[in-house]
Amino acid sequence: MTEAPLVVRDLSKSFGGLNVTRSVSLDLKPGEIHALIGPNGAGKSTLINLIAGELRPDSGAIRLNGVDVTGLHSEQRVRSGLARSFQVSSVLKDFTVLENALLAVVGRRQPALNWWRSTLSDTQGVEEAMAALEKVGLARRANAKVATLSYGERRHLELAMALALKPKVLLLDEPMAGVGTEEGHELTELVSNLRTDCAILLVEHDMDVVFALADRVSVLVEGRMIATGAPAEVREMESVQHAYFGTEDVW
Ligand SMILES: Nc1ncnc2c1ncn2[C@@H]1O[C@H](COP(=O)(O)OP(=O)(O)OP(=O)(O)O)[C@@H](O)[C@H]1O
């Protein structure tokens, strides 16, 4: 049987005396959107950073498409089929939309020096970058300077840059943060359609978005994974209501 695109096993991470990730295990199935939720400070971003390779775990293992990537750098994980879209805007404002998407394509294919000169005449690269922009509805803005894009359009571009890496696994850390209601709906639909391209691990605080998108939900509380299941199922779990929701009715 083929292994799940992302398998996390018994992952642990401490900062000084603080155990932020405690023996966390997680499987991401092909084509699923899996939401990771939990209260502030539960360790969601730390887990994403561990999976992306920005942080090293103290123990445990991470496998991408059957390959153990625990000891690999983030760029090597990208080449193994992992991409992430950042919470903080990471696009180059003085470049055009197309140039930003092209940078992502080139970064995947040719991380060595001397890349930019060859990139400008790289028709296949341009086609791949345009295909990624098409996916997020930004192709018509390809030649616009990023500085002229709306905030929502920049979030679309960040997604396109992640997609240009042709990932099998996409990590999305609060993709809707800071966007308005209408743009939020658009982004939700867009993310929903990405299911056919890759499996997605989504960190999201907005429960409406979680319910609209997630096939499964995992709940992280104080560094421990306390529940995984279908959204409606997880919502009803007493342990989840007790540990995560406390006095607030966030659903
Ligand atoms: N580099 C670090 N050094 C020390 N402590 C850290 C570091 N990074 C995170 N922490 C701590 O680890 C805990 C988990 O943080 P993390 O950002 O992963 O939580 P989170 O669930 O993403 O929170 P939020 O929902 O507020 O973004 C917090 O107590 C945080 O202060």
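- Under an unreviewed UniProt entry, the name given to the protein is ABC transporter ATP-binding protein, and the source organism is Jiella avicenniae.

**With respect to the site of the ligand**
Here is step 1 of the chain: The full set of residues close to the ligand is Phe15, Leu18, Val20, Pro39, Asn40, Gly41, Ala42, Gly43, Lys44, Ser45, Thr46 and His205.
Here is step 2 of the chain: Between an oxygen atom of the ligand and a main-chain N or O atom of glycine 41, the distance comes to 2.9 Å.
Here is step 3 of the chain: Between the ligand and alanine 42, the relevant distance is 3.1 Å, taken from an oxygen atom to a main-chain nitrogen or oxygen of the residue.
Here is step 4 of the chain: Notes on the ligand: free accessible area 640 Å², of which the protein chains cover 57%.

**Some remarks on unusual backbone geometry**
Here is step 1 of the chain: One non-glycine residue, aspartate 10, lies in positive phi territory at about 50°.
Here is step 2 of the chain: By the element assignment, aspartate 10 lies in strand 1 (residues 6–15).
Here is step 3 of the chain: Residue aspartate 10 is classed as partly exposed on the basis of its relative accessible area of 44%.

**Here's the deal with the sheet that holds strand 2 (residues 18–28)**
Here is step 1 of the chain: Spatially, four strands are ordered 2-1-4-5 in an open sheet, and the strand pairing comes out antiparallel. The sheet is open, and its two borders are formed by strand 2 and strand 5 (67–68), each paired with just one other strand.
Here is step 2 of the chain: Taken together, the two bridges between strand 4 (residues 59–64) and strand 5 define a ladder with antiparallel strand orientation. Considered in strand 5, the bridge of leucine 64 is made with valine 67.
Here is step 3 of the chain: Most of the contacts of helix 1 (residues 44–52) go to strand 1, to which it runs at about 120°, and overall it touches strand 1, strand 2 and strand 4.

**Notes on the sheet that holds strand 7 (residues 169–173)**
Here is step 1 of the chain: Ordered in space as 6-7-8-3-9-10, the six strands form an open sheet in which the pairing is mixed. One side of each edge strand has no neighbouring strand; the edge strands of this open sheet are strand 6 (82–85) and strand 10 (224–229). If you compare each strand with its neighbour and ignore which way they point, the axes differ by 20° on average.
Here is step 2 of the chain: Bridge count between strand 6 and strand 7: four bridges; the pairing is parallel. By the bridge assignment for strand 7, serine 85 is matched with leucine 172.
Here is step 3 of the chain: Strand contacts of helix 6 (residues 151–163): strand 6 and strand 7, with the helix running at about 170° to strand 6, the strand carrying the most contacts.

**Concerning the pairing of strand 10**
Within a regular strand, the side chains alternate between the two sheet faces.
Here is step 1 of the chain: Where strand 9 (residues 216–221) lies against strand 10, five bridges are found, and the strand directions are antiparallel. Looking across to strand 10, one finds that leucine 220 is bridged to methionine 225.
Here is step 2 of the chain: What sits between strand 9 and strand 10 in their antiparallel hairpin is a turn of two residues, with glutamate 222 showing a positive phi close to 50°.

**Brief notes about the side chain of arginine 216**
Here is step 1 of the chain: With respect to the element layout, arginine 216 can be found in strand 9.
Here is step 2 of the chain: Judged by its relative accessible area of 17%, arginine 216 is buried.
Here is step 3 of the chain: Polar side-chain contacts of arginine 216 include one of 2.8 Å to the side chain of glutamate 32.

**With respect to the nonpolar core**
Here is step 1 of the chain: The biggest cluster of nonpolar side chains holds 39 residues, and the ones touching the most others in it are Leu133, Leu157, Leu159, Leu170, Val191 and Ile200.
Here is step 2 of the chain: Elements represented by at least two residues in this core include exactly helix 3 (97–109), helix 5 (123–135), helix 6, strand 7, helix 7 (181–194), strand 8 (199–203) and helix 8 (207–213).
Here is step 3 of the chain: Among the domains, domain 1 (1–81 + 167–251) and domain 2 (93–166) are the pair contributing at least three residues each to this core.
Here is step 4 of the chain: Setting aside anything within four residues of it in sequence, one finds leucine 133 in contact with Val97, Leu98, Ala101, Leu138, Ala139, Ala142, Leu157 and Ala160.
Here is step 5 of the chain: In terms of nonpolar packing, the next biggest core, distinct from the first, is built from 23 residues, Val8, Leu26, Leu36 and Ile51 among them.

Conventions adopted
Residues numbered from 1 in each chain as written. Predicted model: local features only at pLDDT ≥ 70, side-chain atom pairs only at ≥ 80, totals over all residues. Heavy atoms only, no water. Near = heavy atom within 4 Å. Polar contact = N/O pair within 3.5 Å; in protein donor to acceptor, adjacent residues only side chain to side chain. Areas by Shrake-Rupley, 256 points an atom, 1.4 Å probe, with all protein chains shown as cover. Helix = DSSP H or I, 4+ residues; strand = E, 2+ residues; numbered from the N terminus. Buried < 20%, exposed > 50% of the residue type's maximum accessible area, 1.4 Å probe, protein only. Pairing = 2+ DSSP bridges. Contact = heavy atoms within 4.5 Å. Axes fitted to C-alpha atoms, helices over the stretch in contact; angles between N-to-C directions. Core = buried A, V, L, I, M, F, W, Y, C linked by side-chain atoms within 4.5 Å. Domains from an automatic or database assignment.

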